[in-house]
Structure formats: structure tokens, C-alpha cells
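# What the coordinates show
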Amino acid sequence: MKKIIIYTIAFFVVVSIHLIINTYLATFGIAPNIALLAVIFLAVSKGSRMGMWAGFLLGLSLDVLLSDMFGSRTIALTIIGYSAGLLRGEWDDSSGLNQAVLVLLCSFTYLTLLIIEYAIFSTIQANLLLNHITLLQPVLNALISPAIFWVFGRFINNN
Amino acid sequence: MQNPSTIHSNPIKTLIVLLLIGFLLLASHLTEKIVVMKKFMFYVLAPSATSASVVVNFSTKSFEGVKTIVAARQENIVLKEIINKHLGSWVELDQLRQENARLRELVGFKSQLGNMALSAQVLSRDSDGWFQWITVNKGIKDGVIADVAVLAIANAQPCVLGRIYEVFENSSKVILITNPLFSVPAKLKNANRDALIEGSNNGFLSARFLKDESVVVSCGDDVITSALSSVFPQGFRIGTISSVQESSEESTLVALVKPAINLNTVSETIILLPKGNKSKD
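Along its length, chain A carries six helices and zero strands. Ordering the α and β elements of chain A from the N terminus gives α-α-α-α-α-α. Against the 2.2 N^0.38 benchmark of 15 Å for 159 residues, chain A shows a C-alpha radius of gyration of 15 Å, consistent with a compact globule. The principal-axis extents of the C-alpha atoms in chain A amount to approximately 45 × 35 × 30 Å. Within the span of chain A, comprising 159 residues, buried residues form 47% of the whole. Across chain A, the fraction of contacts at a sequence separation of at least 24, relative to all contacts at a separation of at least 6, is 65%.

Shown next as C-alpha cells:
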């Protein structure tokens, strides 16, 4: 019960931090995707099951609050959460370089999944999703991932 | 001993169910039931957006308060010296106040339209949809309805920012002018040509208009809203032309338009409510 309450509070905190950073701290629209980083972290530390549920819930939240294609981020983050969770125990997840590479790959995968979904379900040309923000965000995600993973790791260890 | 394949099959079944739910949400294209569910979830998640705004505003105000306190003592001493020196400048100060009032009237677009304009702050924005959507902090309770114009001030003029796309109780989602789903009938001011402005999900807009040898369209020309728009009143500034090129269709030209609003820094907006629908601001 205590864990459920803690994870529920953590869920709302992650959503709030994602909104704060994207709304108020973005520079020319470029900001890290905190929700994506949270999903990847939970996946590699707790496994595929936790990763895909985190992806589903955080993706659904972003779809409700921010997105036009309702369901797009839900699918993308669920797939990312499950796939990243398959790596649990298979690699050295304490290495900052490994974390950055994983986050970079997952970020581009996330972008690719969104483009495919827009190509299938939206009237917008999928290539219009590509701009300086969507191309630089994966790099930014990778650069800050070791610090973010350290913070998340402290939270998990204390609870 | 449990078969290893069954250990891993449950997460896969769960994954398939979650993905099916996601695809159903995508494919059902916001039917009535999905909209009701989405609105319910928005009310559950809205505290996150509101708390984010409250935290940032509180932090900003606290920081500003500390800065003010630190500077107040020195400023007090300096001001006393200035007051003693410039007692004779009160007349000039009065004139500056009158000029300030005139400039505020020019900038204060709301006062020009009275109750028709509603000021709103940007509540949340996502870098994934930076040039597509923003959420503002006015909703049904404030008299906002869907498909009304949203403006912002640039160079002391109200300029087109977007329109209301979705309305909730205390907030609204705005589709930005740079969203590929957004289009508005416009007029090239100097050339007096009708054009259609469309968003391109980057910092520029595209303007399509019929080719006419007798009319010259050049860079720097203003683009304003046309009388053909059912959402925007005529004459609001959209942007300026930065380049003109041939389009794939022989009879039309395409111009690249730089929006008048700096979309990277917009924080205050003005929602134009229809006449007879007074704001509760």
C-alpha cells in the first residue's frame, strides 16, 4: 500500500516536472523529455512489466494534457518501456555512457514511432513533425540522462 | 518448476492489451465516449499543470522578493538624495505619467474592445508540440468557447497567435498558427492579394496565392487577416513575407511568412470572445 501511494505521488511529480521544464525552462522549444527518461529508468531498473505500465500511464497523461493525437504517446512510451525493460540485467546500467547511448536510441525510436503513427492516423504530413526541436531533443535527453538516472536512483533506493 | 516461457508470456499479453487500448484510442478519433473519458482524465491530471504553474510563479515571486529586499536599503538612500536634488522635476514627472497612460492605452488592447477580450496566461506547453499547441488558464468558467481567435501583443500591436481548439472547465487548448492543422484566409497588405496561410510545424508559415503578373509581392510585405475569415476579424497582423517561390501548381505562388509573434517567448495571450459573450475577467 505504501509503495502504491509513493509511486502515485511520484507519477504526479514527474508529470508536473515535465510540464514545468517544457513550459517555463525550454530554450527555443528545446527541453528534455522527462517522462521518457522516467519510463526508460523504470524499465531498466525494474523490468519490462514496470516499464510498459509506466510508459502507458505517462503516455496517456501526456496525450490528455498536451497532444492532439490521443493515444499516440501512449503507444510509443508503452513500446519503449517494454523494450528497454528487456535489457534489465543484460548490461552495465551504472555506466553513464551506457545510459546516454540507451536514452539516445530510445529517444530516436520514440520519434520514429510518433512519425509512423502520424503517417497512419493523422492528416498532417508525418515529415512535418521533424524540426530542430525534435532532432535536438534526443541529444539533450542523452546528455542529461546520467544525472536524471542518478536522481531517480536515489528516490528508488530510499523507497 | 515454472516453464520459463510462461514467466515471460504474461508481460507480453499485458503489452498486447495496452497497445490495443492505445490503437483503439488512436483509431476512434475522439468519439463522444473517448472525449468524455479524456475530459475526466484531464480533471484528474489538471492539478499537475496547475501546481507546475503555481510552483514556478511562487519561485519567481520569492526570488524577486529577495532581490527587492536586498536592493531596497541602498535604493532608499539613493532615492532620498535624488528627491532632494530633483524636487523641481515633479512637473516633468506628471507629463511622463500622461504619456505613459497614452502608451498603455495603445498597448492595452483589452481596453479597446471592452468586455470582448479576455487575457489569459500560458499554462503549459510541450517541446514535442512546441509549434503546435499551448494550454491557457481560461476555460468554460470564464466564458471561453471553441473556435474563437487567440491573439498576442507584438510591437504594441495585437497579432494572430491561433484559435481555441478544446475547452475545459478552467483551461483551454490553443492550436497555434504554426500548427500544420491551422489555416486562415489572409491578405497581402501591400499587394492587396488574397492568400491562404498554413502552418508548417516550424518557425515559419506558408502563404499560397494566385500568380498575377501585374502584382509584385516582395519580402517585408505585411500579411494580415482577411474579411473571409470566420474566426479572426479583418486586419490583424499575421506576419511578414520573408521569401517568395514558385509552387508545384503553375497558377500559384508560395511565400514563406515569418510570424509577427515570437513563439518562443509567448506567455500572455488575449482571447477574443464573440460579441454578446462577455468575459468574466
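Following the structure, the description resumes.
Moving on, we come to the nonpolar core. Across soluble globular proteins, nonpolar side chains show a tendency to be buried alongside one another. Counting residues in hydrophobic clusters, the biggest one holds 100 residues, and the most contacted among them are Ala38(A), Val39(A), Ile40(A), Ile80(A), Leu151(B) and Ile271(B). Looking at which element gives the most residues to this core, the answer is helix H2 (residues 34-46) of chain A, with eleven residues. No fewer than three residues from each of domain 1 (9-62) and domain 2 (183-259) of chain B sit in this core. Excluding its chain neighbours within four sequence positions, the residues that come into contact with Leu151(B) are Pro158(B), Cys159(B), Val160(B), Leu161(B), Phe236(B), Thr269(B), Ile270(B) and Leu272(B).

Let's shift gears to helix H2 (residues 32-85) of chain B. In the structure, H2(B) departs most strongly from a straight axis at Leu45(B), where the bend amounts to approximately 45° and where the proline Pro47(B) lies between one and four residues downstream. Regarding H2(B), the residues found buried are Leu45(B), Ala46(B), Ser48(B), Ala49(B), Ala52(B) and Ser53(B). Contacts made by the buried residues of H2(B) are with helix H1 (2-24) and helix H3 (48-65) of chain A together with strand S1 (117-124) and strand S2 (133-136) of chain B.

Here we take up the packing of H1(A) against H2(A). Residue and element names in this part refer to chain A. Closest axis-to-axis distance for the H1/H2 pair is 8 Å, and the angle between their directions is 145°. Residue-level contacts link Val14, Ile17, His18 and Ile21 of H1 to Ile34, Ala35 and Ala38 of H2. Residue classes in the contact of H1 with H2 are distributed as six nonpolar, one polar and no charged.

Quick look at the packing of H2(A) against H3(A) now. Residues and elements named next belong to chain A. In the contact formed by H2 and H3, the axes pass within 7 Å of each other and the chain directions differ by 165°. Classified by the angle their axes make, H2 and H3 are roughly antiparallel. Here H2 runs over H3; the crossing is right-handed. Only Ser48, Met50, Gly51, Ala54, Gly55, Leu58 and Leu62 of H3 make contact with H2, whose side of the interface consists of Ala35, Ala38, Val39, Leu42, Ala43 and Lys46.

Here we take up the domain arrangement of chain B. One frequent convention defines the size of an interface as the accessible area lost when the parts assemble. The domains assigned to chain B are domain 1 (9-62) and domain 2 (183-259). Each of domain 1 of chain B and domain 2 of chain B was reduced to a C-alpha centroid, and the two centroids are 37 Å apart.

This part covers the confidence of the model for chain B. Residues and elements named next belong to chain B. In this model, chain B carries an average pLDDT of 81, and 86% of its residues clear a pLDDT of 70 or more. Considering each helix and strand of chain B separately, the mean pLDDT is smallest for helix H4 (residues 109-113), with a value of 52, and largest for strand S5 (residues 172-176), with 94. Segment residues 1-8 is flagged for pLDDT under 50; beyond a separation of four residues in sequence, or across chains, it makes one contact in the model. Across the whole predicted complex the pTM is 0.71, and at the interface the ipTM reaches 0.78.

Here the focus is the environment of Val216(B). All names here are of chain B. For Val216, the position within the fold is in the loop between strand S8 (205-210) and strand S9 (222-225). Taking the C-beta count within 10 Å as the criterion, Val216 has 10 such neighbours and is therefore assigned exposed. For the pair Val216 and Thr265, spaced 49 residues apart in the sequence, the C-alpha separation amounts to 33 Å.

Attention shifts here to unusual backbone geometry. Most peptide bonds take the trans configuration, and most residues that are not glycine carry a negative phi. Residues and elements named next belong to chain B. Not every positive phi belongs to a glycine, and Ala156 is a case in point at roughly 65°. The topology assignment puts Ala156 in the loop between strand S3 (149-154) and strand S4 (157-167). Of note, the phi angle at Asn201 is positive, near 55°, even though the residue is not glycine. Mapped onto the fold, Asn201 is located in the loop between strand S7 (193-199) and S8. Classification of Asn201 as buried rests on a count of 23 C-beta atoms within 10 Å.

Of the residues lining the interface, 41 residues belong to chain A; the matching set on chain B comes to 38 residues. Of all elements in the fold, only H1, H3, helix H4 (72-85), helix H5 (96-121) and helix H6 (132-158) of chain A reach the threshold of two or more residues within the side of chain A that touches chain B. Taken together, the residues of the side of chain A that touches chain B break down into 24 nonpolar, 14 polar and three charged.

Here we come to the pairing of strand S10 (residues 237-246) of chain B. With three bridges joining them, S9(B) and S10(B) adopt antiparallel strand pairing. Following the sheet pairing, Ile224(B) is matched in S10(B) by Arg237(B).

It is a general feature of regular strands that their side chains alternate between the two faces of the sheet. Residues and elements named next belong to chain B. Residues Leu205, Ala207 and Phe209 point to one face of S8 and are all buried, whereas Ser206, Arg208 and Leu210, pointing to the other face, are not buried. Relative to S8, S7 is paired through four bridges, and the arrangement is antiparallel. In the strand pairing of S8, Leu196 is matched with Arg208. Connecting the antiparallel pair S7 and S8 is a turn made up of five residues, with Asn201 showing a positive phi of about 55°. The sheet contact formed by S8 and strand S11 (residues 252-259) spans six bridges and is antiparallel. Note on S11: the bridge partner recorded for Phe209 is Leu253.

Definitions and cut-offs
- Residues numbered from 1 in each chain as written.
- Chains lettered and ligands numbered in written order.
- Predicted model: local features only at pLDDT ≥ 70, side-chain atom pairs only at ≥ 80, totals over all residues.
- Helix = DSSP H or I, 4+ residues; strand = E, 2+ residues; numbered from the N terminus.
- Rg over C-alpha atoms; globule rule 2.2 N^0.38 Å.
- Buried ≥ 20, exposed ≤ 12 C-beta atoms within 10 Å, placed from the backbone.
- Contact = placed C-beta atoms within 7 Å.
- Core = buried A, V, L, I, M, F, W, Y, C linked by C-beta atoms within 7 Å.
- Domains from an automatic or database assignment.
- Bend = angle between axes of the 7 residues up to and from the residue.
- Axes fitted to C-alpha atoms, helices over the stretch in contact; angles between N-to-C directions.
- Nonpolar A, V, L, I, M, F, W, Y, C, P; charged D, E, K, R; others polar.
- Parallel < 35°, antiparallel > 145°, perpendicular 65-115°, else oblique.
- Left-handed = near helix turned anticlockwise from the far one by under 90°.
- pLDDT = per-residue confidence, 0-100.
- Pairing = 2+ DSSP bridges.

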